[in-house]
Amino acid sequence: MPPDGDGRPPILRTWGGVYAIVLGTLIALIALFSYWSAVYK
Amino acid sequence: MRPVDWAVLLGTIAAIVIYGTWKERGVNTSEAYLRGGSDLKWYTIGLSIMATQASAITFLSLPGQAYEDGMGFLQFYFGLPIAMVILSALIVPIYYRLKVYTAYEYLEGRFDRKTRQLTALLFLLSRGLAAGISIYAPSIVLSTVLGWPLQLTNLIIGGVVVLYTVSGGTRVVSRTQTYQMIVMLGGMAAAAVFIWSQLPRDLSLGHAVRLAGTLGKMKIVDYSVRADTRYTLWSGLTGGLFVALAYFGTDQSQVQRYLSGASLAESRIGLLMNGLVKIPMQFLILFVGVMLFVFYQFNKPPVFFNVPEWQKAHATARAGEVRSLDAEWDAVFAAKRGRVDALVTALDRGDPAATARAQTDLRAAAARSDTVRRRAKKLLASARPGVELKDADYIFIGFVLAHFPAGLLGLLIAVILCASMSATASALSALGSTTVVDLYRPTFRPEASDHHYLVAGRWFTVLWGALAVSFAAFAALLDNLIQAVNILGSLFYGPMLGVFLVGFFIRRVRGSAVFWAALLAEALVIAVFALTSIGFLWYNVIGCGAVVGLASLFQLLAAAPKKL
């Protein structure tokens, strides 16, 4: 990844941050789908 | 199909193939042909990875699956983003450091040649059979609904793919897949918008989804813990993770996609893009099926979705019963339609008690409708013995043919053919590369010229293409083959992944221990498949776990001091 100070948000400056976004999105999607499963029945 | 549909279909396919081949002309080294030249950007890698996984079955079957069983299949993809992170963080850097052409090359350095070639053979076996199915699956559906000759359709799809794959190898495959994926995504988005436009004007999206949910189609996440339930949150997160790790980490048709990246960072971002986009994309495709289900609550669907087969039943000795069942179907639909209207009215009024009553009534009417559909299948089986009774694959394509406007129909057929071609092209390219790099070069011609391996790569691609088309022709003679091949990957992926995981993470295990562990694990997975009812996603966990456990044990025994 490019070094710090290239204008990217801090979370995108390290691979750990990028992985956190991918896994965080997965958790958010599962939560959203669980909510829909409960509401739309 | 109208002339404008043919123009859109042929224009789309021809433009992609001709432009892609022209852009990647002049591939004249084995490195460029087999490995891709190492200069692709992350978006090309990401789209190419997605296009490799999206086969025609994705677009033909998934909407039908959501129509029949709801959105639960989406859980199968929950392990995928985790797998993309693990691969990006731990596995891809190893491949880059070793500058390998194929994933199996790594195994010779880590273990020995026999382990490398055993794993390559498992890949060739599973992917070679699957390539035949990726040609056959759309051909059988298109030949049934459009009257295209089956074998000619197989030959044309296979022939075009072989031609452009041979011309530019993995580079042209990645290039054409980028355009094919854009067509696929655009086509499905257009399909979703069109189906939405066909629903009653006063039906809101919320009420449409509530209607589908009343009949069980919106149960996306299943928290139950049952090994024989195919799709649950847990099987998705564990079995789905293992499938994705094995498929993206050890299947050369995927490894080849990201090894052609300009840098490690480009490859990683391409994989992570897949991790971010895959679940929403599959959600969209499944949701098209749910919207189709809602459409057919207001418009009478066929009693059997493979309409040509049902019509043939009218010309059999059971024609009287078939006609009477048609009349019964009309009646149960009319009754159900009344219940649907009652539910929508209750939802519009915002009356919870009336909504609950209407939901109960609708579920009862839907159960009667399902019973008539089951009886129709039984009747069809006795009227026309041997006919395929699974009609879910015809739900979406039947709707497309009956309702889509001129032009959009051609685009949707192009989506299906693009999917078939993209999956087949990466399979043939990987099969050719693996045959040259892992079997032919080390065993038969270790010291030949670069030009020799380039020519050999092209000939092996042609050979695998011919085998795939032949297998597709043969597949027409067998029953339930698509279902069998769907679990084929899971029969081999577990042991393949186990070999790689031992290689990456258990340093003390040597070649012979992992080789025999892989053979025994493969036998175990086949025994589990033959003798138990365990869901196929678990085969990956069992096969992988068996290799890791047995290889560690064998190494321990081999290392123990011998007492005389």
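Peer 1: How should I be thinking about the interface of chain B and chain A in this particular structure?
Peer 2: By convention, interface size is frequently given as the accessible area that disappears when the constituent parts associate. Between chain B and chain A, the contact holds 29 residues from the first and 17 residues from the second. Of the roughly 1,900 Å² buried between chain B and chain A, counting both surfaces, carbon and sulfur atoms make up 80%. When the buried area of chain B at its contact with chain A is split by residue, Val-85, Leu-272 and Leu-276 of chain B rank highest and sum to 23% of it. Seen at the junction of chain B and chain A, the total is zero salt bridges. In this assembly, chain B and chain A are joined by five residue pairs in polar contact (both at pLDDT 80 or more). For the side of chain B that touches chain A, the secondary-structure elements that each account for two or more residues are helix H5 (80–98), helix H9 (205–214), helix H10 (233–237), helix H13 (264–298) and helix H16 (352–383) of chain B. It is H13 of chain B that provides the largest number of residues to the side of chain B that touches chain A, a total of eight residues.

Peer 1: So what exactly am I meant to see when it comes to the side chain of Asn-274 of chain B here?
Peer 2: Note that Asn-274 of chain B resides in helix H13. Once residues within four sequence positions are removed from consideration, Asn-274 of chain B is found in contact with Ile-49, Met-50, Leu-80, Met-84 and Phe-248 of chain B.

Peer 1: Would you take a moment to explain the packing of helix H4 (residues 56–69) of chain B against helix H18 (residues 408–443) of chain B for this structure?
Peer 2: Helices that pack against each other are described as a pair by the angle of their axes relative to one another and the distance between those axes. All names here are of chain B. The N-to-C vectors of H4 and H18 enclose an angle of 130°; their axes lie 6 Å apart at closest approach. By the angle between their axes, H4 is oblique relative to H18. For the pair H4 and H18, the contacting residues are Ala-56, Phe-59 and Leu-60 in the first and Val-415, Ile-416, Ala-419 and Ser-420 in the second. Class assignment of the residues belonging to the contact of H4 with H18 gives a composition of six nonpolar, one polar and no charged.

Peer 1: Would you take a moment to explain the environment of Leu-556 of chain B for this structure?
Peer 2: Residues and elements named next belong to chain B. With respect to the helices, strands and loops of the structure, Leu-556 is situated in helix H22 (residues 537–559). The exposure class assigned to Leu-556 is exposed, which follows from its relative accessible area of 55%. Linking Leu-556 and Arg-508, residues 48 residues apart in sequence, is a C-alpha distance of 9.2 Å.

Peer 1: Looking at this structure, I do not really get the domain arrangement of chain B. What am I missing?
Peer 2: Residues and elements named next belong to chain B. We note that the domain assignment places domain 1 (3–21 + 36–296 + 400–559) and domain 2 (307–387) within chain B. Between the C-alpha centres of domain 1 and domain 2 there is a distance of 36 Å. Facing the nine residues of domain 1 at the interface are 15 residues of domain 2. Interface area for domain 1 against domain 2, summed over the two sides, is near 1,100 Å², with a carbon-plus-sulfur share of 61%. At the boundary of domain 1 and domain 2, one finds one salt bridge. With a shortest N-O distance of 3.0 Å, Glu-68 and Arg-373 are connected by a salt bridge. Counting every contact that joins domain 1 to domain 2 gives four residue pairs in polar contact (both at pLDDT 80 or more). Here the side of domain 1 that touches domain 2 takes four residues from H9, the largest share from any one element. Broken down by class, the residue content of the side of domain 1 that touches domain 2 amounts to four nonpolar, three polar and two charged.

Conventions we followed
- Residues numbered from 1 in each chain as written.
- Chains lettered and ligands numbered in written order.
- Predicted model: local features only at pLDDT ≥ 70, side-chain atom pairs only at ≥ 80, totals over all residues.
- Heavy atoms only, no water.
- Contact = heavy atoms within 4.5 Å.
- Buried area = accessible area lost by both parts, 1.4 Å probe.
- Salt bridge = Lys/Arg side-chain N within 4 Å of Asp/Glu carboxyl O.
- Polar contact = N/O pair within 3.5 Å; in protein donor to acceptor, adjacent residues only side chain to side chain.
- Helix = DSSP H or I, 4+ residues; strand = E, 2+ residues; numbered from the N terminus.
- Axes fitted to C-alpha atoms, helices over the stretch in contact; angles between N-to-C directions.
- Parallel < 35°, antiparallel > 145°, perpendicular 65-115°, else oblique.
- Nonpolar A, V, L, I, M, F, W, Y, C, P; charged D, E, K, R; others polar.
- Buried < 20%, exposed > 50% of the residue type's maximum accessible area, 1.4 Å probe, protein only.
- Domains from an automatic or database assignment.

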